[in-house]
Structure formats: structure tokens, C-alpha cells
Amino acid sequence: MQLGLQLGYWGAGPPADAPELVAAAEAVGFDAVFTAEAWGSDAFTPLAWWGAATQRLRLGTSVVQLSARTPAACAMHALTLDHLSGGRFLLGLGVSGPQVVEGWYGRPFGKPLARTREYVQIVRDILAREAPVTNDGPHYPLPYTGPGALGLGKPLRPITHPLRADLPIMLGAEGPKNVALTAEIADGWLPIFYSPRLAPLYDEWLAEGFARPGARRRKDDFEIISTCQVTVTDDRRSALDAQKPVLAHYIGGMGAPGMNFHADLIARAGFEEAVAEITALFQAGKRAEAVAAVPDELVDELSIVGDAEHVRAGIARREAAGVTMLLVGCRTVAEVRALGSLVEADVGAAR
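Here's what I pulled together on the structure shown here. Values in this document were obtained by computation on a predicted structure and should not be read as measured data.

Before going further, it helps to examine the packing of aromatic side chains. Taken as a whole and judged by the stated rule, the model has 9 aromatic pairs. Measuring from centroid to centroid gives 5.5 Å for Phe 193 and Tyr 250, while their planes differ by 90°, and the two rings are edge-to-face. Placement of the pair is Phe 193 in the loop between β7 (188–189) and α7 (199–210) and Tyr 250 in helix α8 (residues 236–252), with a sequence separation of 57 residues. With relative accessibility at 12%, the residue Tyr 250 sits in the buried group. Aromatic rings pair up to connect Trp 189, Tyr 194, Tyr 202 and Trp 205 into one cluster. Over the aromatic face of Phe 109 sits the side chain of Arg 115, whose NZ or CZ is 5.4 Å from the ring centroid.

All right, on to the pairing of strand β8 (residues 223–227) then. Summarising burial for β8: 4 of the 5 residues are buried, a large majority. Across 3 bridges, the pairing between β8 and strand β11 (residues 325–328) is parallel. By the bridge assignment, Ser 226 is partnered in β11 with Leu 326.

Structurally, Thr 70 can be placed in the loop between β4 (64–65) and α3 (71–84). A sequence separation of 71 residues divides Thr 70 from Pro 141, and the C-alpha atoms of the two residues are 11 Å apart.

Taken together, the side chains of Asp 234, Asp 235, Asp 307 and Glu 309 make up a negatively charged region of the molecular surface. The residue Glu 309 is located in helix α12 (residues 308–321) in this model.

Turning next to the nonpolar core. With 97 residues, the main nonpolar core has Leu 5, Leu 91, Leu 93, Trp 189 and Leu 326 as its most contacted residues. If you tally residues by element for this core, the top one is helix α9 (residues 261–283), at 11 residues. Each residue touching Leu 93, except ones within four places of it in the same chain, is listed here: Val 63, Val 64, Leu 66, Cys 74, Tyr 119, Val 120, Ile 169, Met 170, Leu 171 and Gly 172. In this structure, Phe 34, Val 63, Leu 90 and Leu 190 belong to the second largest nonpolar core, which totals 9 residues.

Counted according to the given criterion, the structure contains 21 salt bridges. Among the salt bridges present, the one from Asp 241 reaches Arg 237, with a minimum N-O distance of 2.9 Å. Taken together, the residues span about one helical turn, with Asp 241 and Arg 237 both in helix α8 at a distance of 4 residues. One salt bridge in this structure joins Asp 241 and Lys 244, with 3.7 Å as the shortest N-O distance. Of this pair, Asp 241 and Lys 244 are both found in helix α8, 3 residues apart, which corresponds to roughly one turn of the helix. In this structure Asp 241 comes out as partly exposed when scored by relative accessible area, which is 36%. The network of salt bridges with shared partners includes Arg 124, Asp 166, Asp 187, Arg 216, Arg 217 and Asp 221.

Right, let's get into the packing of α8 against α9. Between two packed helices, what matters for the description is the angle formed by their axes and the separation of those axes. Relative orientation of the contacting elements α8 and α9 amounts to 90°, with a least axis distance of 8 Å. When the axes of α8 and α9 are compared, the pair comes out roughly perpendicular. Across the interface between the two elements, Ala 248, His 249, Tyr 250, Ile 251 and Gly 252 of α8 pack against His 262, Ala 263, Ile 266, Val 275, Ile 278, Thr 279, Phe 282 and Gln 283 of α9.

In this structure, Lys 154 sits in the loop between α5 (112–128) and β6 (169–171). Note: C-alpha distance between Lys 154 and Val 133 (21 residues apart in sequence) is 9.2 Å.

The rules behind each value
- Residues numbered from 1 in each chain as written.
- Predicted model: local features only at pLDDT ≥ 70, side-chain atom pairs only at ≥ 80, totals over all residues.
- Heavy atoms only, no water.
- Phe/Tyr/Trp six-rings, centres within 6.5 Å; stacked < 30°, edge-to-face > 60°.
- Helix = DSSP H or I, 4+ residues; strand = E, 2+ residues; numbered from the N terminus.
- Buried < 20%, exposed > 50% of the residue type's maximum accessible area, 1.4 Å probe, protein only.
- Lys NZ or Arg CZ within 6 Å of the ring centre and 35° of its normal.
- Pairing = 2+ DSSP bridges.
- Patch = residues over 30% accessible without salt bridge, like charges linked within 9 Å, V, L, I, M, F, W, Y side chains within 5 Å.
- Areas by Shrake-Rupley, 256 points an atom, 1.4 Å probe, with all protein chains shown as cover.
- Salt bridge = Lys/Arg side-chain N within 4 Å of Asp/Glu carboxyl O.
- Lys, Arg positive; Asp, Glu negative; His and termini not counted.
- Charge placed at Lys NZ, Arg CZ, Asp CG, Glu CD.
- Core = buried A, V, L, I, M, F, W, Y, C linked by side-chain atoms within 4.5 Å.
- Contact = heavy atoms within 4.5 Å.
- Axes fitted to C-alpha atoms, helices over the stretch in contact; angles between N-to-C directions.
- Parallel < 35°, antiparallel > 145°, perpendicular 65-115°, else oblique.

Functional significance is not addressed by these values, which are geometric in nature.
This is how it looks when you write it as C-alpha cells:
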């Protein structure tokens, strides 16, 4: 099992300890570091800034939002960071949700599957640099000839030659159609919440995508990089409670009523009643009560919290389900070192 450090997106300001966390992650053998974006800090700039001090870590976005930039702009970011990092960049993409897409970016959310397919293809065409890029699709037409166009658009190819014409593209996906599309057109999957009890269902969704004509990968060369908070501690009670505010926020506040993909996924894992209660409380402004309504069993299903033996068992459970990397949000250098040592010890024992 590989480990990745998830630095996420910023709150009110940038985290002061990120450089130290990244350095520690590289020193103890983490495979990658990832950044994210919501509606504040972007994902590319922090990754370039902190990644400049690294030599080995892969540098990934988990995730950048499709509606935040055109496919061409995204491809420019990707080829630039891939050059600067010497071929260590991973492009993680996601559609976000209607509240953010329409409320923040001012773009329509409709047809997310078709938009994703078209977006990824344009990025790949740009990075391949085989010919001037055109696209006849309805979402990102190139050249643009719609309302307001002067009719002077010209198909172009990037001036800069990409370092890798086929750098890895990962997709964040939660529903069955999205996961199947990911298996078909991407090099890996970035589940924000991975429920091991749903692994057989995930395998069905992925298998559908792998079986489609032209699918890029198969199960044995496809990465599953799962966000998973891992805490090695003897104080399970405090560690479980510490995760509940984030889960309550994603269930109750990170999506529109009736269209919250995070809540749908967690309900699918067997927590329908808890999801309904948390959502109702959160939307009523009763956030403390919403946090209190998050069951311990839910935290245990989506994360790994406990002593070293418990953590080893949790990692093994996910590895057996097909997860190739755990993306963890360590808060201190000590946590990074402890987790790195634990996984390294298990790998050594297996050998």
C-alpha cells in the first residue's frame, strides 16, 4: 500500500506547516502529495510552490474542478507542472457540484458525464501534440463559433512540447456511471470517500468501464487513490470525534438538497437514516447536533482510527479491496513519521 499526503484546500489562510509536512512525507517514503480546491485557494499554485522543494514525490491534484478553467488552460497547467517536476505530475479532475459550478463559476452543471468525457479528450489531444486541436462537441467547441464569435478562431497546438504526451489523468467520481466512465477514460480513480463494504459494487462499476471498447486500462494497471483519514492512537474516542465535523459538513452542507453526491454515496453504504438526520439538522442550522448525529460506525467505515494493530487491519482491508494508495491528511510531522514507519514496517514484514 502506498501513501499520499493530502494537503487539501485552504481555510481562511494557508497552512503554516505544509512545507514541513511535505518534507517529512518525502523522507519517510510517501509516494505522492496532493492538493485540492473548492472556492478559495486553487490546486495548482500550492502544488508548484511546495513541490519545488521535493525530488521524488509525485505531485497530484485531488481534485481540480472542470468548470474552473477550460480544457486548454488545464492542459497548460499540466504540461507546465510536469516539466517543472521532471515528469512527476498527476492531473486529478472532478466535476464538483451544481452549487459550486453554477454559483461560483457561473457555468451550467448539466450533463456532467458528457462534459467530463469531452474535457479529458481535449486535454489528451493537447498533450499528445499530434495536430492542431479541434473539437466538435457541444460543451467545449474548438474553435469557438457560437454567439459573439468573430469567426477568426484558429486551431492551435501547444507551443511548448509536453514532457510526457500521456501523463496520468485521474478522476474523482462517486456514482456508478461516473466510476464506470473513470475506468474507461482515465488512468485512476480518486474516491473522496471509499467504503470497503461497497468494494464488490465498486468492482462492478469499474468492470463495466474496463470492458468498454477503447478503455485505456485494466484492473491490474489502474490506480485507486482513496482519501482516508488514518490516525494511529490509543485514544479512539477523541480521534473518532475529531472527524465528525468534517463528515457532517460533507453530508449536510457540501451539496444542494436532493443533489449531494457525498451524501448519496454514504447512504448507499448503509447509513441512510444517519444521512437523513445529519442533513436535516445541518440544513436547519443545528450544526452541533448534526455533528453529534454522525455515528462512530460511519467514521470507522470511511477512515482508520485506532492503535497500530487496528490501523494495520484497516489498511489490509482496503488493500484487499483494490485500493493502491491511501491519501491521508496528517496534521503534524510526528503523524507523518508514525504512519510512514508503520506502513514501511508492514511492507518489510511482507517481504
